[in-house]
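Below, each chain spelled out in residue letters.
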Amino acid sequence: MRLQIEGSQAVAAAVALCRPEVISCYPITPQTHIVERLSELVRNGKIGSCRFINAESEFGALSILIGASAAGARTYTATASQGLLFMTEAVYNASGLGLPSVMTIGNRAIGAPINIWNDHSDSMALRDAGWIQLHAESNQEAVDLHVQAFRLAETLSCPVMVCMDGFVLTHAYEPVDLPTQEQVDAFLPPYEPVQLLDPDDPMTIGAMVGPEAFAEVRYLTHHTQLRALEEIVTLEAEFLRQFGRASGGLIERYRTEDAETILVALGSVNGTIREVVDELRDAGVAIGSLKIGAYRPFPVGAVREALHPCRRAIVVEKDLALGKGGIVSSDVKMALRGLPVIVQTVIAGLGGRSITKASLFQMINEARAGKLDEPHFLDLDWDVIRKELARRQQRRRSGPTAEHVLRQVNSVASKMV
Amino acid sequence: MVTAAELVAVAAFLDGKYAQAFPSFGSERMGAPVMAFCRISERAIRLREPVMKPDALIIQDPTLLHQVDLFTGLSPSGYLLLNTSQEPHRLGLDDLMARLPAAHIRAVPATEIAFKQTGRPIPNAALIGGLAALTGWVTLESVRKAISQKFPGRVGAANAAAAQAVYEAVRSSRTASERERTHAVAD
C-alpha cells in the first residue's frame, strides 16, 4: 500500500509485518516515534502475541533481547546516539553470542556537546562490534531493509543494525510503498534458531573462552561477516524478484560510467548527491556517485570494482575520527590500495548541519582543480575556529569551548537551518 | 507547524503528486520558533537539503516577522500567506510587498477562523486551505481529505471546515485586498 507517511511510522509498520516476538526499548530522540508506534501496535494486539518491554535503559533493553533471542524469540529494538553507547557492552555480547536481533539506529551525533541532530558518529562508534550495518537512503529503503534485515540476521545468526538518518528520514513524510503481510511472510520464514535455551534439552550459552580458543571463536564471528557479503547480494536479488523494486545490496552506482570523479557516501545524503551529479553531468562534467549500502561488512571488492576506473573518489562522510580524519575514506583507501585513484575525505553534516547542493558544487570544483585540503571540512567556519583558538591562548582558565563558540555565532540555541 | 507541512504533503500525494515534508529539527519545546518544509513535484524527490528558496511561505505567527529573517530566498514570484487579522501593508513589509506580485500576498485571520470552527486557537490545518486558494498547488478536496485522515472524527471535520473557511476567505479577499493596497499606495 502506497502512503504518504512519516519515516518512523513506516518503519514501525514494517517491523510489525516482520512478526517480532519480543520488542524491548528505551526511548531516545530521534528514534522515539518508532518505538512509540510499536508499543501502540503491540498494546492493540496488532503484532500477534509480541511482548513489548519498556526497559530501564538501553543496556537493559538489549540485554533483555539477548535473553529473549537465546530463548528462541524474534527480537527487535531501536536506539540512537548516547543510547547506543550506553548499550555497548550488550552490543558486543549479542554479536559474540551469535544472536540475530535487529536494531534500528536513528543516526544522531554523540555529545559532548550534546546535540540531538543527525550524523553517523553513533553507529560508526560501534562499526567493529560484529553487527551487520545497513544504511538506508530513503524511507522506502528503510522499510525494505528492515524486512531484509530479519532474514539476513536469522540466516547468518548475526545481529543487524538498520541505520537511518535521524530527523532527515525518521521525521520526514514521503511516499512509501508498504508491503503486504503475505509478501513479507513469503520472504521471511519463521525464526529457526541455531542455538536454543530449552529446558528439555539443557545447554549453556556464553562460555568463558581462554587464549586456547578465543581467536578461533572471534575468527568465526568475522567469518559470519564475510558470509554476509554474499548473503546481502542474494537477498537484494530475491527482494527485487518478490517485491518488484530494488532495495538494499552492498553498493549502488549512479552514473559512474566514464566518471572521472565519483562521490562516495552512506545514507540519505545520496539523494542530494544525485541531484548534484545530474546537474554537473548536464554541464558536461564526468561525475558519478557510489552509495555504500552495507557498511559492515565493508564491501571491499565491490567498492574497488566500482571505483577503480575513476581518477578521484571523494568520500563525503558524516563522522569524524578525532585525531585522524575520515573513517569511511580509510575503508575506501584500503579497498583501492595499489590503484592510482586519489581518495579525498570530506567531513560534512556533523551535528545536523545541512549538506547543501551549493556547498557540494563548490567543494567538487575545488577538488577538480586539485585545491581541496585533506581532510576537507565542508562549510566549517574557520573565522570562528581562529578566534576561539586565539582566545584560548590568552589565558589558562579560558573556560568551556562550546559556550564561547555559541556566543561567537550569536546563538543561545541551535541555528534553525 | 510540522503538522501543516505534513498536511500539505499528504494533500499533494492525494492529488497524485510527489511530496516531501520535514521539520527544521529545532528545539523540542512549545513556543520555540519552528520551521517546517515541504516540496511538491511531478517527479520523485531526492533532495534532502532544507528549502532555502521557497516558492511559498506561510507565516503562522506574525510576531516573528521582525524577529527572524524569514524572507531571505523567497522567490520574486513567490507566495506569502500571513496568519493575521491585520492588512499586510500595516505589518511593515513594504519592501517585501514591492518585490512580490500583489496577487501573491494574502493575510487571513486563520487563528480566529480555526477557533470559531474547532474551539481551539490552532491555525495549522486551516492555513493549508489558504495555501490551496492562494497557489492552486493542492486542491481543497485533498486538503480536506488529508485533514480528516490525520484527525479522524469530529476534530478532523471541524478542522476541514476551518480549512474551507480560510480557503474562501483568501479567495474573496483577493479583490478587496488589492483595492486597499492600490489605495494605500495612492495615498
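Within every chain, residues take consecutive numbers counted from 1 along the sequence as written. To label them, take the chains in the order written and letter them from A, then take the ligands in the order written and number them from 1. Two thresholds apply to this predicted model, a pLDDT of at least 70 for residue-level local features and 80 or more for giving and counting side-chain atom pairs, whereas whole-chain, interface and lining totals are computed over all residues.

The number of helices and strands found in chain B is 6 helices and 5 strands. Think of it as a crowd count around each C-beta: if 20 or more other C-beta atoms lie within 10 Å the residue is buried, if 12 or fewer it is exposed, and in between it is partly exposed, with C-beta placed from the backbone throughout. Taking all 187 residues of chain B together, the buried fraction comes to 43%. Taking as baseline every contact in chain B between residues at least 6 positions apart, the subset at least 24 positions apart corresponds to 57%. By definition, any uninterrupted DSSP run of H or I lasting at least four residues is a helix, any uninterrupted run of E lasting at least two residues is a strand, and each is numbered from the N terminus. Distance between backbone-placed C-beta atoms decides contact: two residues are in contact if it is within 7 Å.

So, about the packing of helix 1 (residues 2–14) of chain B against helix 5 (residues 140–150) of chain B. All names here are of chain B. Axis definition: a line fitted to C-alpha atoms, limited for helices to the stretch in contact. Angles are taken between N-to-C directions and run from 0 to 180 degrees. The contact between helix 1 and helix 5 brings their axes to 8 Å, and the two run at 120°. When the axis of helix 1 is compared with that of helix 5, the two are oblique. Handedness of the helix 1/helix 5 crossing: right-handed. Taken together, the residues of helix 5 that come into contact with helix 1 (itself represented by Leu7, Val10, Ala11 and Leu14) are Ser142, Val143, Lys145, Ala146, Ile147, Gln149 and Lys150. Gly falls in the polar group here, along with every residue not listed as nonpolar (Ala, Val, Leu, Ile, Met, Phe, Trp, Tyr, Cys, Pro) or charged (Asp, Glu, Lys, Arg). Split by residue class, the contact of helix 1 with helix 5 holds 7 nonpolar, 2 polar and 2 charged. By definition in this entry, angles of less than 35 degrees are roughly parallel, angles greater than 145 are roughly antiparallel, angles of 65 to 115 are roughly perpendicular, and the rest are oblique. Take the far helix as the reference: if the near one is turned anticlockwise from it by less than a right angle, the crossing is left-handed, and if turned clockwise, right-handed.

What follows concerns helix 7 (residues 139–156) of chain A. Residue and element names in this part refer to chain A. Between its terminal C-alpha atoms helix 7 stretches 25 Å, which fits the 26 Å expected from 18 residues at 1.5 Å a residue. Of all the 18 residues making up helix 7, 17 are buried; the element is thus mostly covered by neighbouring parts of the structure. Remark: serine 157 follows helix 7 within two positions and exhibits a positive phi of approximately 55°. How far a helix is expected to stretch is found by multiplying one less than its residue total by 1.5 Å.

For the rest of this paragraph, the subject is the sheet that holds strand 13 (residues 312–317) of chain A. The pairing of strands in a sheet comes from backbone hydrogen bonds and takes either a parallel or an antiparallel form. Residue and element names in this part refer to chain A. Sheet architecture is open: 6 strands sit in the order 9-11-10-13-14-15, paired in mixed fashion. Of all the strands in the sheet, the pair left with one neighbour each is strand 9 (251–254) and strand 15 (376–377). For two strands to be treated as a pair, DSSP must find no fewer than two bridges joining them. Across 2 bridges, the pairing between strand 14 (residues 342–347) and strand 15 is parallel. The residue of strand 15 that forms the bridge with isoleucine 347 is phenylalanine 377. Relative to the sheet, helix 10 (residues 269–282) contacts strand 9, strand 10 (261–265), strand 11 (287–292) and strand 13, its axis offset from that of strand 11 by approximately 165°. Here helix 12 (residues 328–335) sits on the sheet and contacts strand 10, strand 13 and strand 14; the angle it forms with strand 13, its principal contact strand, is near 150°.

Residues and elements named next belong to chain B. The pLDDT value tells you how sure the predictor is about a given residue, anywhere from 0 up to 100. Within chain B, residue pLDDT values average 89, and 88% of them lie at 70 or more. Averaged over each element, pLDDT in chain B is lowest for helix 6 (residues 154–186) (78) and highest for helix 5 (97). Below a pLDDT of 50 lies the segment residues 183–187, which in the model reaches 1 contact outside its immediate sequence neighbourhood of four places, other chains included. Predicted as a complex, the structure gets a pTM of 0.94 and an ipTM equal to 0.91.

For the rest of this paragraph, the subject is the pairing of strand 4 (residues 79–83) of chain B. The side chains of a regular strand alternate, first on one face of the sheet and then on the other. All names here are of chain B. Across the 5 residues that make up strand 4, a large majority, 5, are buried. Of the two faces of strand 4, the one carrying Tyr79, Leu81 and Asn83 and the one carrying Leu80 and Leu82 are both buried. As paired elements, strand 3 (residues 56–59) and strand 4 share 4 bridges and run parallel to each other. What sits directly across from isoleucine 59, in strand 4, is leucine 82. Direction of pairing for strand 4 relative to strand 5 (residues 105–108): parallel, over a ladder of 4 bridges. Pairing of leucine 82 across the sheet is with alanine 107, part of strand 5. Read as a crossover between parallel neighbours, the route from strand 4 over helix 2 (residues 94–99) to strand 5 is right-handed. For crossovers, right-handed means that the path from the first strand over the helix to the second runs clockwise, given strands pointing away from the viewer.

Moving on, we come to the domain arrangement of chain A. All names here are of chain A. Partitioning chain A into domains gives domain 1 (2–243) and domain 2 (251–377). At the junction of the two partners, domain 1 supplies 26 residues and domain 2 supplies 19 residues. At the level of elements, helix 6 (121–125), strand 6 (132–135), strand 7 (160–165) and helix 9 (214–243) are the ones that each hand at least two residues to the side of domain 1 that touches domain 2. Counting residues per element, the side of domain 1 that touches domain 2 draws most heavily on helix 9, which supplies 5 residues. The class makeup of the residues in the side of domain 1 that touches domain 2 is 14 nonpolar, 8 polar and 4 charged. Domain boundaries shown here were taken from an automatic or database domain assignment.

How big an interface is tends to be stated in terms of the accessible area lost upon association of its parts. Tallying the contact residues gives 23 residues for chain A and 21 residues for chain B. Residue assignment for the side of chain A that touches chain B shows that the elements contributing at least two residues are strand 8 (173–177) and helix 10 of chain A.

So, about the sheet that holds strand 5 of chain B. Residues and elements named next belong to chain B. The sheet built from 3 strands is open, its strands ordered 3-4-5 with parallel pairing. Two strands close off the open sheet at either side, each with one partner strand: strand 3 and strand 5. Averaged over all pairs of adjacent strands, the angle between their axes in this sheet comes to 10°, without regard to strand direction. The sheet contacts of helix 4 (residues 124–135) involve strand 3, strand 4 and strand 5, and relative to strand 4 the element is tilted by about 150°.

Residues and elements named next belong to chain A. The topology assignment puts isoleucine 342 in strand 14. Separated by 30 residues in sequence, isoleucine 342 and arginine 312 have C-alpha atoms that sit 4.7 Å apart. Other than its neighbours up to four places away in sequence, isoleucine 342 contacts Arg311 and Arg312.

Residues and elements named next belong to chain A. Where helix 11 (residues 300–307) contacts helix 12, the axes come no closer than 8 Å and their chain directions differ by 75°. In terms of their interaxial angle, helix 11 and helix 12 are classed as roughly perpendicular. Residues Val300, Val303 and Arg304 of helix 11 form the contact with helix 12, whose own contacting residues are Val332, Met334 and Ala335.

To continue, consider the nonpolar core. In terms of nonpolar packing, the biggest core is built from 169 residues, with Val162(A), Val8(B), Ala21(B), Ile128(B) and Val166(B) touching the most fellow members. In terms of residues, this core owes the most to one element, helix 1 of chain B, which gives 10 residues. Per-domain counts for this core show at least three residues from each of domain 1 (2–243) and domain 2 (251–377) of chain A. Apart from residues no more than four positions distant in its own chain, Val166(B) is found in contact with Val108(B), Ala110(B), Ile113(B), Ala126(B), Leu127(B), Gly129(B) and Gly130(B). Each nonpolar core comprises buried Ala, Val, Leu, Ile, Met, Phe, Trp, Tyr and Cys residues, the members being joined through C-beta atoms within 7 Å.

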